[in-house]
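Take a look at the letters that make up each chain.
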Amino acid sequence: MVKQKIGIIKIGGAFLEDEKLLETFYSAFASMEGLKVLVHGGGKRASKLSIDLGITPQMVHGRRITDAKSLEVVTMVYAGWANKTLVAGLQGRGCNALGLSGADANLIRALKRPASDIDYGLVGDVERVDADGLSTLLNAGFTPVFCALTHDGRGQLLNTNADSIAADLAMGLSPLYEVKLVYCFEKQGVLRDVSDPESVIPRIDPDHFKTLQKEGAISEGMIPKLFNSFRALQAGVDQVYIGPVSLLSGQAPKSTQIHL
Ligand code: ADP
């Protein structure tokens, strides 16, 4: 049987902080043909709100330590402001967006990450995606919009990295659909030289990644993005791209395709 195609699109934090960028995203995403799912974070805004509320965000290696107070803040920002802004924006462009966290309809169950050298607190790693439940929503004509929150099934919300959620959703849906996973961010793709926007690397496989990492060409948030990309491909996801929103309309002059 020929599988239906689906796009799992993750947008980077920069989109939520820049109205012009957000506009380009809305039009590209809303006009995308076929089934689609959106995943977003909102870390920058969560840190800003924390500071406004007098709660100092605690970060280790760029990752948030999520204590009970921080979970309140990220829930307000991710499931509230960010999710509803995106849903309303997409509804305004004729896309029947449905805002969700992983707890809604039990769609994404996660396991609290055990404390090791670092205790990240109320942070979860995805354990199970309900692909059939998600499929029911897609067949009913909804476009799910996931924020970066999951739950443990015992009443606890968990902060979960949006790049990982996108990879886990793509992996969970791959037995049912032909899945394309796209990490959209503010640059044209993975760059050989971060200061040169033209230096987009068209293809990266695991060996190439190791070399680029050794050379220091890839750092920060790009490293987990690439790990998630390889993890998704290894689990049967058909295609993974990292690049600009014009990828969504198939008109990106440049972008990076990830391969095994
Ligand atoms: P997002 O919210 O878009 O997921 P991340 O910070 O997780 O943001 O990842 C994207 C960031 O990775 C870019 O904004 C850039 O600063 C950084 N980065 C590091 N190395 C590279 C590279 N080689 N090419 C492009 N971006 C890179």
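All values reported here derive from a predicted model rather than from experimental measurement. Throughout this description, residue numbers start from 1 for each chain and increase along the sequence as written. Selection of residues for local features in this predicted model requires a pLDDT of at least 70, selection of side-chain atom pairs for listing and counting requires 80 or more, and totals for whole chains, interfaces and linings are taken over all residues. Side-chain metrics in this entry use all non-hydrogen atoms of the structure; hydrogen atoms and water are not considered.

**Student:** Outline the layout of surface pockets, supporting the account with residue identities and numerical values.
**Tutor:** Two kinds of site are reported from a 1 Å grid over the protein atoms alone, namely cavities, where a 1.4 Å probe fits but cannot get out, and pockets, open sets with protein on both sides within 12 Å along at least five of seven lines, and residues are called lining when an atom falls within 4 Å of a point. Grid points are joined across faces, edges and corners, and a volume is the space filled by probe spheres set on the points. Approximately 1,200 Å³ is the volume attributed to the largest pocket. If you trace the largest pocket, you find 38 residues lining it, with K10, G62, D163, G221 and K225 closest to the centre. Elements with a contribution of two residues or more to the lining of the largest pocket: α2 (43-52), β4 (63-64), α5 (162-173) and α7 (222-234). For the lining of the largest pocket, the element with the highest residue contribution is α7, accounting for 3 residues. Here a helix means four or more residues in a row that DSSP labels H or I, a strand means two or more in a row labelled E, and each is numbered from the N terminus.

**Student:** Explain the pattern of salt bridges to me, using residue names and the numbers behind them.
**Tutor:** Take a side-chain nitrogen of Lys or Arg and a carboxyl oxygen of Asp or Glu: if they are within 4 Å of each other, that pair is a salt bridge. What the rule picks out here adds up to 11 salt bridges. D163 is paired through a salt bridge with K10; the nearest N and O atoms lie 2.8 Å apart. In this pair, D163 sits in helix α5 while K10 sits in strand β1 (residues 4-11), placing the two residues 153 residues apart along the sequence. With a 1.4 Å probe rolled over the protein chains alone, any residue whose accessible area is under 20% of its type maximum counts as buried; one over 50% counts as exposed, and the rest are partly exposed. Using a relative accessible area of 8% as the deciding quantity, one classes K10 as buried. Where K225 meets D163, a salt bridge forms, and the shortest distance between an N and an O atom there is 3.0 Å.

**Student:** Give a description of the packing of aromatic side chains that names residues and reports values.
**Tutor:** Pairing of aromatic rings covers Phe, Tyr and the six-membered ring of Trp, with a centre-to-centre limit of 6.5 Å; geometry is then stacked below 30 degrees between planes, edge-to-face above 60, and tilted otherwise. Going through the model one piece at a time under the given rule, you end up with 5 aromatic pairs. Here the aromatic rings of F25 and Y26 are separated by 6.1 Å at their centres, their planes lie at 50°, and the arrangement is tilted. Taken together, the ring pairs in this structure connect F15, F25, Y26 and F29 into an aromatic cluster.

**Student:** Pulling in residues and values, what's your account of the packing of helix α1 (residues 19-30) against helix α3 (residues 68-91)?
**Tutor:** Contact geometry for α1 and α3: axes closest at 10 Å, N-to-C directions at 60°. Taken as axis vectors, α1 and α3 run oblique relative to one another. For the pair α1 and α3, the crossing hand works out as right-handed. Each of L22, F25, Y26, F29 and A30 in α1 lies in contact with α3, whose residues at this interface are T85, L86, G89 and L90. Of the residues contributing to the contact of α1 with α3, the split by class is 7 nonpolar, 2 polar and no charged. Here, axes are lines fitted to C-alpha atoms. For helices the fit covers the stretch in contact, and angles between N-to-C directions go from 0 to 180 degrees. For classification purposes, angles smaller than 35 degrees are called roughly parallel, those larger than 145 roughly antiparallel, those between 65 and 115 roughly perpendicular, and all remaining angles oblique. Note on convention: the crossing is left-handed when the near helix lies turned anticlockwise from the far helix by less than a right angle, right-handed when the turn is clockwise. We call two residues in contact whenever any of their non-hydrogen atoms come within 4.5 Å of each other. Three residue categories are used. Nonpolar comprises Ala, Val, Leu, Ile, Met, Phe, Trp, Tyr, Cys and Pro, charged comprises Asp, Glu, Lys and Arg, and polar comprises the others, including Gly.

**Student:** I'd love a proper account of the environment of T24, names of residues and values included.
**Tutor:** Structurally, the position occupied by T24 is in helix α1. Separated by 220 residues in sequence, T24 and P244 have C-alpha atoms that sit 10.0 Å apart.

**Student:** Which residues make up the nonpolar core, and what values go with them?
**Tutor:** Each nonpolar core is a collection of buried residues, namely Ala, Val, Leu, Ile, Met, Phe, Trp, Tyr and Cys, held together in the definition by side-chain atoms within 4.5 Å. Within the largest apolar cluster, 58 residues are counted, with the highest numbers of intra-cluster contacts made by I6, I8, F146, L169, L181, I204 and L226. Non-local contacts of L226, meaning those with residues more than four positions away in its chain, are made with I204, F209, I218, I242 and I258.

**Student:** So what's going on with the environment of D163? Which residues, and what values?
**Tutor:** For D163, a relative accessible area of 6% corresponds to the buried category. Separated by 66 residues in the primary sequence, D163 and S229 have C-alpha atoms spaced 8.9 Å apart. Other than its neighbours up to four places away in sequence, D163 contacts K10, Y183, G221, K225 and N228.

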